[in-house]
Amino acid sequence: MFAELLCGAVALVLYVNTLGADFCYDDRMQGLRVGIEQDSCAPGDIAPWDALLACQDCFFASLVGWIEVWLTGCRAIKTNQDLLPETPWTNIFYDDFWGTLLTHSGSHKSYRPLCTLSFRLNHAVGGLEPWGYHLVNVAFHGAVTGLFTSLARLLLGGGLWSLLAGLLFASHPIHTEAVAGVVGRADEGAALFFLLSLLCYIRHCKLRGHAGPWRLVVWFVGSLGCAACSMLWKELGVTVLAISALYDICVFHRLKLRQIVILLYKCCTSHPSVPLMYTRARISSEKLETFLCDRFCSRPTSDDGTTGK
């Protein structure tokens, strides 16, 4: 627990200087406006040389840092109608991340209602004061760092290695954009529930054969619920389902690659209902070895041709 608290505190300290920052351009806008109105120009109407020159101007301007990026369509925060109190809160389930209706032709199609809901709560508490939005982002980073350190302790064991992993996660520069930019909260929220889902599943695995079925169901359903929340923060959260399966097979049961390939082959060819049976076995705490033996291993037969037990 000390390592988790220490790494989380380091993560908070490293980004406390962002609390006084303003919104960055992604927090204000959705897409580049390079002299072309999105709704009035079809892609085929844009001359190739005009598009090339526009891209070149934006590239060189970004290098010197003076570009002021103005965008058409809906903004993520500053003019996002979904954040206003007079807008029904249920609209966040019908609009994309930038406040555009999902069925609109100009929609980004990024479905992140939980992140938009967090922006709406920020707006309800502090309006458009940037420090409140940055404060939530920094707090998320601290919580994610603590959860990652906890995961490292489970995988690497307690001691120096898990502490180093947590400190590296807290200070790695790859997180700068996600923490310092308010719209990066989608990544932070998805990571938070990603780790919660994985930790719940690890707990579910460790309790197999040592707890009643109801406790196993609770941890399993908790893992699925957190996975769903991760997906509603950002689409990449769906990958936690695959990571959990890999942990179960490769880490918890330590199956070799050859065993995994044989299992997948037999699942795809001879036993189409195996995924459902496997899920039932996970919930009922049946051991994977027993599951594999019952479904795929040939049983000895007696002299009269009947199958033995």
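Residues numbered from 1 in each chain as written. Predicted model: local features only at pLDDT ≥ 70, side-chain atom pairs only at ≥ 80, totals over all residues. Heavy atoms only, no water.

## Some points on the overall build of the chain
1) Next: A count of helices and strands for the chain gives 13 helices and 2 strands.
2) Next: The 309 residues of the chain split such that 38% are buried.
3) Next: Of all intrachain contacts in the chain linking residues separated by at least 6 positions in sequence, the fraction that spans at least 24 positions is 69%.
4) Next: Within the structure as shown, the chain displays about 18,000 Å² of accessible surface, and the carbon and sulfur contribution to it stands at 68%. (Helix = DSSP H or I, 4+ residues; strand = E, 2+ residues; numbered from the N terminus. Buried < 20%, exposed > 50% of the residue type's maximum accessible area, 1.4 Å probe, protein only. Contact = heavy atoms within 4.5 Å. Areas by Shrake-Rupley, 256 points an atom, 1.4 Å probe, with all protein chains shown as cover.)

## A closer look at the environment of Gly-181
1) Next: Among the secondary structure elements, Gly-181 is positioned in the loop between α7 (176–180) and α8 (185–207).
2) Next: Assessed through its relative accessible area of 6%, Gly-181 is described here as buried.
3) Next: Considered as a pair, Gly-181 and Tyr-133 are 48 residues apart in the sequence and their alpha carbons are 9.3 Å apart.

## Brief notes about the side chain of Ser-223
1) Next: Inspection of the secondary structure assignment puts Ser-223 in helix α9 (residues 213–233).
2) Next: Judged by relative accessible area, Ser-223 falls into the buried class, the value being 5%.
3) Next: Leave out the neighbours within four places in its chain, and Ser-223 touches Ser-197, Cys-200 and Tyr-201.

## Observations regarding helix α6 (residues 160–171)
1) Next: Look at α6: 16 Å from first C-alpha to last across 12 residues, which is about the 16 Å you get at 1.5 Å a residue.
2) Next: If you follow the buried residues of α6, they end up packed against α1 (2–14) and α5 (130–156). (Expected span 1.5 Å × (residues − 1).)

## Some words on the packing of aromatic side chains
1) Next: Counted by the stated rule, this structure contains 7 aromatic pairs.
2) Next: Pairing Phe-23 with Tyr-133 gives two aromatic rings, centres 5.3 Å apart and planes at 70°, and the pair type is edge-to-face. With Phe-23 in the loop between α1 and α2 (25–28) and Tyr-133 in helix α5, this pair connects stretches of sequence that are 110 residues apart. Taken individually, Phe-23 and Tyr-133 each receive the classification buried, so the pair is uniform in this respect.
3) Next: Between the aromatic rings of Tyr-201 and Phe-220, the centroid separation amounts to 6.3 Å while the plane-to-plane angle is 50°, which identifies the pairing as tilted. Remark: Phe-220 occurs in helix α9 and Tyr-201 occurs in helix α8; sequence separation between them is 19 residues.
4) Next: On the basis of relative accessibility, which here comes to 6%, the residue Tyr-201 falls in the buried class.
5) Next: By relative accessible area, Phe-220 is classed as buried at 13%. (Phe/Tyr/Trp six-rings, centres within 6.5 Å; stacked < 30°, edge-to-face > 60°.)

## What to know about the confidence of the model for the chain
Reading fine detail from the predicted coordinates is not recommended where pLDDT is low.
1) Next: Taken residue by residue, the chain gives an average pLDDT of 76. The fraction at 70 or more is 70%.
2) Next: Across residues 53–74, confidence stays below pLDDT 50; counting only partners more than four residues off in sequence or on other chains, it has 32 contacts. (pLDDT = per-residue confidence, 0-100.)

## Examining the packing of α5 against α8
1) Next: Axis separation between α5 and α8 bottoms out at 9 Å; the angle between their running directions is 25°. Between α5 and α8, the angle is such that the two are roughly parallel. Relative to α8, the crossing made by α5 is left-handed. For the pair α5 and α8, the contacting residues are Tyr-133, Val-136, Asn-137, Phe-140, His-141, Ala-143, Val-144, Leu-147, Phe-148, Ser-150, Leu-151 and Leu-154 in the first and Arg-185, Glu-188, Gly-189, Ala-191, Leu-192, Leu-195, Leu-196, Leu-198, Leu-199, Ile-202 and Lys-206 in the second. (Axes fitted to C-alpha atoms, helices over the stretch in contact; angles between N-to-C directions. Parallel < 35°, antiparallel > 145°, perpendicular 65-115°, else oblique. Left-handed = near helix turned anticlockwise from the far one by under 90°.)

## Quick look at the pattern of salt bridges
1) Next: All told, the structure shown has 4 salt bridges when counted by the stated rule.
2) Next: Linking Arg-208 and Asp-248 is a salt bridge whose minimum nitrogen-to-oxygen distance equals 3.0 Å. Placement of Arg-208 in the loop between α8 and α9 and of Asp-248 in helix α10 (residues 239–252) is noted, with a sequence separation of 40 residues between them. Note on accessibility: Arg-208 and Asp-248 belong to one class, buried. (Salt bridge = Lys/Arg side-chain N within 4 Å of Asp/Glu carboxyl O.)

## A closer look at the side chain of Ser-197
1) Next: Counting through the fold element by element, Ser-197 comes out in helix α8.
2) Next: Taking the relative accessible area as the measure of exposure, Ser-197 reaches 1% and is therefore buried.
3) Next: Within the structure, Ser-197 has its side chain in polar contact with the backbone oxygen of Ser-223 (distance 2.7 Å).
4) Next: When sequence neighbours within four positions are dropped, the list of residues in contact with Ser-197 reads Ser-223, Cys-226, Ala-227 and Val-240. (Polar contact = N/O pair within 3.5 Å; in protein donor to acceptor, adjacent residues only side chain to side chain.)

## Quick notes on the packing of helix α4 (residues 113–126) against α5
1) Next: Following both chains from N to C, one finds α4 and α5 inclined at 135°, their axes separated by 9 Å at the closest point. The orientation of α4 with respect to α5, classified from their angle, is oblique. The crossing of α4 and α5 is right-handed. Residues Phe-119, Asn-122 and His-123 of α4 pack against Gly-132, Tyr-133 and Val-136 of α5.
2) Next: Class assignment of the residues belonging to the contact of α4 with α5 gives a composition of 3 nonpolar, 3 polar and no charged. (Nonpolar A, V, L, I, M, F, W, Y, C, P; charged D, E, K, R; others polar.)

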